[in-house]
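One-letter residues, chain by chain:
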Amino acid sequence: MSDVLVLAEFKGAEPKKVTLEMLTVAREIAADTGGKVIAAALSQDAVGVGEQVGPYGASKVCRVNGVSQYHPQGYAEVLAKLVAEEKPDIVLLPATAMGKDLAPRLAAKLDVGLASDIVGFRLEGGEFIAKRPVFAGKAFNEVAFLAKPALATVRPNVFSAVPGEDGAATEEATDAAVGEALTKLVEKTAGDEGQLDLTEADRVVSGGRSLKSKENFAILRELAEVLGATVGASRAAVDAGYADPSMQVGQTGKVVNPSLYIACGISGAIQHQAGMRTSKTIVAINKDKKAPIFQLADFGIVADLFEAVPLLTQEIKKQTQ
Amino acid sequence: MNIVVLCKQVPDTESKIKLLDDQSGFAEADIKWVLNPYDEFAVEEALKLREAGKAEKVIAVAAGPKRAEDALITALAMGADEAVLVEDDLFNWAEAYQVAQALAAALKEVDFQLIICGKQAVDDDSAAVPGMLAELTNIGQMTVVSKMELNDDTVTGWRDVEGGAQEVLEGKLPLIVTANRGLNEPRYASLPGIMKAKRKPFKRVGLADIGLSSLEPKTKVVGWSLPEPRAEGKMFEGNSDDLPQRVSEVVKLLVDEAKVL
């Protein structure tokens, strides 16, 4: 029997998609092993959580009041207490900015190991074995847990969120008193609301050094606008100063997982491939037909990007209207 | 005050990863080992703080097998003042918690106010050692920052979060800060730097020396695999004249076949 505790993350009053994805994973584990799913909700905005998470398989929601603002020690303290009370066999956190910050601290507090950013799992004789990418996806590790609870962060957009039977989870509210935050949030600046972060984007248009200048990225932005895509860049383009470091796709940049990835003037270095090879469909535009990117591409166009990209923008407009 | 920079030795990101015949790990034969690129940002930031007169010494610390000494020598050649290696073969693909426990034990002997390290190592991508170390040493953490300022007894850091948003955080010293791309441009080790590195203090300790008789594993890697190869794609070659046609055909395939538009 494996009970699974899921840390629910919210955006405003709504559970994030990754929360529902984790609950779906947890429900599958619980169903297979005869355990139950418990959701932990620490956000003060989260009202009516039981009704939101119930259909995804949570039978109970532990609402903890008193740590309204996330800080790693506070959340780790609260979760460690919940683990001591609920004694779950498995604890799942989202591999988001918050979850990645928190999970290692929680692991050390619980004196257990951690499998970060899992993208798969299997149950072997009821034992939870997690699959996670290493070398940015050039290889995978399967990780078994020798200490209880098994603790893992779950990569967003990998598992599907599937509601099961109707029904609300029961809610139990408790108050927590935690130590003073060692790191405090002073201010949060909003990102570009119109554009999703590369790691969350469903469509990505990336440019390489062949773009030749920062200004020339405008042709990629025009294509991205038609597609509702986010613009990325290769390391060579970032190093040349054509693109912001936050736009870098690759092993030392962002790992993307969109349904459509369009690589424009990118040769396809191994470290770049590691960051985008799991994209569902890859289109590559490059002058050099021997460029390694074409080995990954579903559709390869051998052409000058300055000719091909504007044509592609027009053609997509035409064919999708 | 002194700054500790944590250094991990990892395969260069241009390395092709091949598995051993028995799938028990990856083949190290053709691997070029380097200092973790994110740790380079950490070393650079520490050196800049020292050069600005805000820190006295920069101490590079690693846990690794013998070959990891090269990563520390890189840090010394960049300009770090001293190095400490917790040397044991156990640290070859060790789990993050074992590394964090060893570093916590080694740091008991080190006088520091600030730890800087990469946001993750580009080999196992766990991004777990810093947070674990913060908890084990009971200090604050500030992860994934692309800008930081060291004040009298605090650090202000700009942390990158989802959706291109940024959080501005303030953390009390002692503190561990993890570096993201964008924090700075790491310098290259100069030739004189490399020569000098050989004469700088370099301390090697074993687990027993730092009071650890054993490090119980909490997780175990039970399998390695490579990603499925991608299906062969379609190539559209030609000249400028037929380019509009080729582009049109690709878009049609994206709509009808791949169904992504």
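From a predicted model like this one, the values you see are computed outputs, not experimental measurements. (Residues numbered from 1 in each chain as written. Chains lettered and ligands numbered in written order. Predicted model: local features only at pLDDT ≥ 70, side-chain atom pairs only at ≥ 80, totals over all residues. Heavy atoms only, no water.)

1. Overview of the overall build of chain B
Working step 1: Along chain B, the regular secondary structure elements total 6 helices and 13 strands.
Working step 2: Considering only contacts in chain B between residues 6 or more positions apart, those separated by 24 or more positions represent 68%.
Working step 3: Between the mean site of the 30 positive side-chain charges and the mean site of the 44 negative ones, chain B shows a separation of 3 Å. (Helix = DSSP H or I, 4+ residues; strand = E, 2+ residues; numbered from the N terminus. Contact = heavy atoms within 4.5 Å. Lys, Arg positive; Asp, Glu negative; His and termini not counted. Charge placed at Lys NZ, Arg CZ, Asp CG, Glu CD.)

2. Observations regarding the pattern of salt bridges
Oppositely charged side chains may form a pair once their charged atoms are brought near each other.
Working step 1: Applying the stated criterion across every chain, the model contains 36 salt bridges over all chains.
Working step 2: Between Lys148(A) and Asp89(A) there is a salt bridge whose closest N-O contact spans 3.8 Å. Of this pair, Lys148(A) sits in the loop between strand E10 (139–145) and strand E11 (150–154) while Asp89(A) sits in the loop between helix H3 (72–86) and strand E6 (90–94), and the two are 59 residues apart along the sequence.
Working step 3: Residue classification places Lys148(A) among the exposed positions, given a relative accessible area of 61%.
Working step 4: Between Glu87(B) and Arg204(B) there is a salt bridge, with the nearest N and O atoms lying 3.4 Å from each other. Placement of Glu87(B) in strand E5 (residues 82–87) and of Arg204(B) in strand E11 (residues 202–205) is noted, with a sequence separation of 117 residues between them.
Working step 5: A network of salt bridges, in which partner residues are shared, links Lys66(B), Glu69(B), Glu87(B) and Arg204(B). (Salt bridge = Lys/Arg side-chain N within 4 Å of Asp/Glu carboxyl O. Buried < 20%, exposed > 50% of the residue type's maximum accessible area, 1.4 Å probe, protein only.)

3. Observations concerning the packing of aromatic side chains
Working step 1: Taken as a whole and judged by the stated rule, the model has 11 aromatic pairs over all chains.
Working step 2: Ring centres of Tyr70(A) and Tyr75(A) lie 4.8 Å apart, and the angle between their planes is 85°; on these two criteria the pair is classed as edge-to-face.
Working step 3: Geometrically, the ring pair formed by Trp93(B) and Trp224(B) is tilted, given 4.9 Å between the ring centres and 50° between the ring planes. With Trp93(B) in the loop between E5 and helix H3 (96–107) and Trp224(B) in strand E12 (residues 219–225), this residue pair connects regions lying 131 residues apart in the sequence.
Working step 4: Using a relative accessible area of 9% as the deciding quantity, one classes Trp224(B) as buried.
Working step 5: These aromatic residues form a ring-pair network of at least three members: Phe135(A), Phe26(B), Trp33(B), Trp93(B) and Trp224(B). (Phe/Tyr/Trp six-rings, centres within 6.5 Å; stacked < 30°, edge-to-face > 60°.)

4. Quick word on empty space enclosed by the protein
Residue and element names in this part refer to chain B.
Working step 1: Under the counting rule described, the total for this entry stands at 3 cavities of 30 Å³ or more.
Working step 2: Size it by volume and the largest cavity reaches roughly 280 Å³.
Working step 3: Every residue lining the largest cavity is counted, 23 residues in all, and those nearest its centre are Lys8, Val99, Ala121, Val129 and Pro130.
Working step 4: For the lining of the largest cavity, the elements supplying multiple residues, two or more each, are strand E4 (58–64), H3, strand E6 (114–118) and helix H4 (129–136). (1 Å grid on protein atoms, 1.4 Å probe; cavity = no way out; pocket = protein on both sides within 12 Å on 5 of 7 lines; lining within 4 Å. Points joined across faces, edges and corners; volume = space filled by probe spheres on them.)

5. Focus: the domain arrangement of chain B
Working step 1: In terms of domains, chain B is made up of domain 1 (2–210) and domain 2 (230–261).
Working step 2: One C-alpha centre belongs to domain 1 of chain B, the other to domain 2 of chain B, and the line joining them spans 45 Å. (Domains from an automatic or database assignment.)

6. Some words on helix H2 (residues 69–78) of chain B
All names here are of chain B.
Working step 1: For H2, the tally of buried residues reaches 7 of 10 residues, placing the bulk of the element in the interior.
Working step 2: Buried within H2 are the following residues: Glu69, Ala71, Leu72, Ala75, Leu76, Ala77 and Met78.
Working step 3: Backbone geometry just after H2 places Gly79 at a positive phi near 140°.

7. Some points on the nonpolar core
Working step 1: Among the nonpolar cores identified, the biggest contains 64 residues, and Leu102(A), Val4(B), Leu6(B), Val86(B), Phe91(B), Ile115(B) and Met132(B) are the most heavily contacted of them.
Working step 2: Sort the elements by how many residues they give to this core and H3(B) lands first, with 10 residues.
Working step 3: If we ignore the near neighbours within four places in the chain, the residues touching Ile115(B) are Val4(B), Leu6(B), Leu107(B), Leu133(B), Ile139(B), Leu175(B), Ile176(B) and Val177(B).
Working step 4: Judged by nonpolar contacts, the second largest core, of 43 residues, contains Leu35(B), Ala68(B), Ala121(B) and Leu173(B). (Core = buried A, V, L, I, M, F, W, Y, C linked by side-chain atoms within 4.5 Å.)

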